[in-house]
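# Commentary on secondary and tertiary structure
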Amino acid sequence: MTAVIRREDRRTPPAELDGEHRTVVVVGGGQAGLSMSRCLDVRGIDHLVLERDVVASSWKRHRWDTFSLVTPNWQCDLPDFPYAGPDPHGFMVRGEIVDYLEAYRAFVDPPLLEGVAVTRLHRDERGTFVVETSAGTCTADQVVVATGGYHTPLTPPLSEPLPAGITQIGSQDYRNPGQLPPGEVLVVGSGQSGAQIAEDLHLEGRRVHLVVGHAPRVARFYRGRDVTDWLHEMGYYRMPVTRHPRREAVRAQANHYVTGRDGGRDIDLRRFAAEGMRLYGALTDHTAASLTFAPDLESSLDHADEVSESIKDTIDGWIADQGIDAPVEERYTPVWRPEREVTELALAGTGITSVVWCIGFRQDFSWIDLGVFTGRGSPVHSRGATGVPGLFFLGLPWQWTWGSGRFSGVGADAAFLAERIRSQRGLTSTGGRGDVCNVLALGS
């Protein structure tokens, strides 16, 4: 049977790390770090997990009040801990997500230190990894960086600052409409966060001005099922990045906007516009108290619709090829089009009192002093394994499949890396008790 380290045999995480050495150090205690800990544990591999904040901190502190998953609950499948609640086709809200992760932490019972920030990672002259932290310096034979791929919020390079009287926050700090001052709200960005925050404000009766980007959209339901059910059946979520038509370029692709709110539905920006939301093309500048936009609103809306309809085309083809009996559904018809492209907006005449920036995040691995990055700071890796022996990444977007950075696929990647770590240590597998960590590694 595969060995699981008994709780009483584990090395207790020290209060201070100076002089501590571990076989593996895992940086990050979110779903990726916990999954990695479980897969190392069932292989009997000594390790330590370092989390700069607390477990599930991003879900607790950096999601708005009405946040829900956009993927159905059945896709929550962390190693040996699949979703077991009463609503597999529903969408967990923020509190339920936190509960799921806290329950997983209790199940894994990882050797974890919270409140410990890693400030530098490098190697000494012997090739041992040196992990400098806020609680001292430790060493490790191997390191897994499980901090995900969304670290520092982006803001556009405007030529002038916005007026001092306008409140500005990022999507990570937005909670609800009540935290913003009375008045109209400018939301910049229409990806997952921007589209959902704009909807949240719109449903509360706030006048919203939405700067629309180039993110695609997807229908929530089509021909009697959630679109994710169809894509799962078609094998899309098992497709490795090496077989994706866009190859590694897909890693930089914006997520399709849709929502799981209130049981799940489409997000139709055209419908919002018909109901009074103001839409604009990409924000290009701010000068003399006015905002300047690119004349690309209509093309962005058309592109989003084309992507959504192309996914439906693929589903139609699958249904026909498989001879599936599924209800026929009418295709989407645009309910609104801009009469003209607004390319300049004087702030003084709008009533805008706040801005929510929702234009994404950039990766920040500046604390890693090892030559494994592109000129843009992204790690160069093959399914998480880098050119530096013993250094791995976990939880990156499209690290291997669509689900790599999500609850659905991070476990398979963790299992794969745990096997790599075991093999590099010269260990041999001792069989299989059928646990997910082994099954995923062998079947991936």
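Cut-offs used in this document
- Residues numbered from 1 in each chain as written.
- Predicted model: local features only at pLDDT ≥ 70, side-chain atom pairs only at ≥ 80, totals over all residues.
- Heavy atoms only, no water.
- Helix = DSSP H or I, 4+ residues; strand = E, 2+ residues; numbered from the N terminus.
- Rg over C-alpha atoms; globule rule 2.2 N^0.38 Å.
- Buried < 20%, exposed > 50% of the residue type's maximum accessible area, 1.4 Å probe, protein only.
- Lys, Arg positive; Asp, Glu negative; His and termini not counted.
- Charge placed at Lys NZ, Arg CZ, Asp CG, Glu CD.
- Phe/Tyr/Trp six-rings, centres within 6.5 Å; stacked < 30°, edge-to-face > 60°.
- Lys NZ or Arg CZ within 6 Å of the ring centre and 35° of its normal.
- Pairing = 2+ DSSP bridges.
- Axes fitted to C-alpha atoms, helices over the stretch in contact; angles between N-to-C directions.
- Contact = heavy atoms within 4.5 Å.
- Parallel < 35°, antiparallel > 145°, perpendicular 65-115°, else oblique.
- Left-handed = near helix turned anticlockwise from the far one by under 90°.
- Nonpolar A, V, L, I, M, F, W, Y, C, P; charged D, E, K, R; others polar.
- Salt bridge = Lys/Arg side-chain N within 4 Å of Asp/Glu carboxyl O.
- pLDDT = per-residue confidence, 0-100.

- The chain is annotated in an unreviewed UniProt entry as MSMEG_0569 family flavin-dependent oxidoreductase of Pseudonocardia tropica.

### As for the overall build of the chain
- Helix and strand content of the chain: nine helices and 21 strands.
- Computed over its C-alpha atoms, the radius of gyration of the chain comes to 23 Å, within 12% of the 22 Å expected for a compact globule of 444 residues.
- Over its C-alpha atoms, taken along the principal directions, the chain stretches across nearly 65 × 60 × 40 Å.
- A total of 444 residues make up the chain; the buried ones form 52% of that total.
- Charge centroids of the chain, computed over 45 positive and 57 negative side chains, lie 4 Å from each other.

### Let's talk about the packing of aromatic side chains
- By the definition in use, this model includes 15 aromatic pairs.
- Ring plane angle 80° and centroid distance 5.2 Å describe the contact between Phe365 and Phe393, whose orientation is recorded as edge-to-face. Taken as a pair, Phe365 in the loop between strand 20 (361-362) and strand 21 (391-393) and Phe393 in strand 21 lie far apart in primary sequence, 28 residues in all. In terms of burial, Phe365 and Phe393 fall into one category: buried.
- Linked through ring pairs, Trp59, Trp64, Phe67, Phe81, Tyr100, Tyr104, Phe107 and Phe407 together constitute an aromatic cluster.
- When the ring centre of Trp59 is taken as origin, the NZ or CZ atom of Arg63, which lies over that ring, is 4.3 Å away.
- Above the plane of the ring of Phe129 lies Arg123, whose end atom (NZ or CZ) is 5.9 Å from the centre.

### Overview of the sheet that holds strand 16 (residues 283-287)
- Spatially, the three strands line up as an open sheet ordered 16-17-18, and their pairing is antiparallel. Strand pairing shows two members of the sheet lacking a second neighbour, strand 16 and strand 18 (344-346), which therefore form its edges. Between one strand and the next, the sheet's axes are offset by a mean angle of 20°, whatever the strand orientation.
- Relative to strand 17 (residues 290-293), strand 16 runs antiparallel, the two sharing four bridges. Looking across to strand 17, one finds that His286 is bridged to Leu291.

### Looking at the environment of Ser290
- Inspection of the secondary structure assignment puts Ser290 in strand 17.
- The contacts of Ser290, once residues within four sequence positions are left out, are Asp285, Glu344, Leu345, Ala346 and Leu347.

### A closer look at unusual backbone geometry
- Positive phi, normally seen in glycine, also occurs at Ala56, with a value near 70°.
- With respect to the secondary-structure elements, Ala56 resides in the loop between strand 2 (47-51) and helix 2 (57-61).
- Note on Ala56: relative accessible area 4%, which makes it buried.
- Even without a glycine there, the phi angle at Arg383 is positive, about 50°.

### Focus: the packing of helix 1 (residues 31-41) against helix 8 (residues 410-424)
- Where helix 1 meets helix 8, the closest approach of the two axes is 9 Å, and the angle between their N-to-C directions is 45°. When the axes of helix 1 and helix 8 are compared, the pair comes out oblique. Seen from above, helix 1 lies across helix 8 with right-handed handedness. Together, Gln31, Ala32, Ser35, Met36, Cys39 and Leu40 of helix 1 and Val410, Gly411, Ala414, Ala415, Leu417, Ala418 and Ile421 of helix 8 make up the contact between the two elements.
- Looking at side-chain class alone, the contact of helix 1 with helix 8 contains 10 nonpolar, three polar and no charged residues.

### Considerations on the environment of Pro157
- Mapping Pro157 onto the fold places it in the loop between strand 9 (152-153) and strand 10 (167-170).
- Residues Pro157 and Asp285, 128 residues apart in the sequence, show an inter-C-alpha distance of 7.8 Å.

### So, the sheet that holds strand 10
- Within the open sheet, the five strands sit side by side as 10-19-11-12-15. Their pairing is parallel. A strand with exactly one partner marks an edge of an open sheet, and here the two such strands are strand 10 and strand 15 (278-280). Within the sheet, the average angular offset between the axes of one strand and its neighbour, ignoring direction, is 20°.
- Pairing of strand 11 (residues 184-188) with strand 12 (residues 208-211) involves four bridges; the strand directions are parallel. Across the sheet, residue Val187 finds its bridge partner in strand 12, namely Leu210.

### Some details on the pattern of salt bridges
- Tallying each qualifying case throughout the model produces 30 salt bridges.
- Between Glu20 and Arg22 there is a salt bridge, with the nearest N and O atoms lying 3.0 Å from each other. Both residues of the pair, Glu20 and Arg22, belong to the buried class.
- Between Glu233 and Arg225 there is a salt bridge whose closest N-O contact spans 2.8 Å.
- By relative accessible area, Glu233 is classed as partly exposed at 31%.
- Connected through salt bridges with shared partners, the residues Arg217, Arg270, Glu298, Asp302, Asp305 and Arg337 form a single ionic network.

### Here we look at the confidence of the model for the chain
- The predicted model of the chain averages 90 in pLDDT, with 92% of residues at 70 or higher.
- Across residues 427-436, confidence stays below pLDDT 50; counting only partners more than four residues off in sequence or on other chains, it has 22 contacts.
- Long-range and interchain partners of residues 438-444, a stretch whose pLDDT sits below 50, account for 15 contacts in this model, where long-range means more than four residues apart.

### Observations concerning the packing of helix 1 against helix 3 (residues 94-108)
- It is at 10 Å that the axes of helix 1 and helix 3 come closest, and there the two elements cross at 20°. Overall, the two elements helix 1 and helix 3 adopt an arrangement that is roughly parallel. Every pair of crossing elements has a handedness; the one defined by helix 1 and helix 3 is left-handed. On helix 3, the residues touching Gln31, Leu34, Ser35, Ser37, Arg38 and Asp41 of helix 1 are Leu101, Tyr104, Arg105, Phe107 and Val108.
- Taken together, the residues of the contact of helix 1 with helix 3 sort by class into five nonpolar, three polar and three charged.

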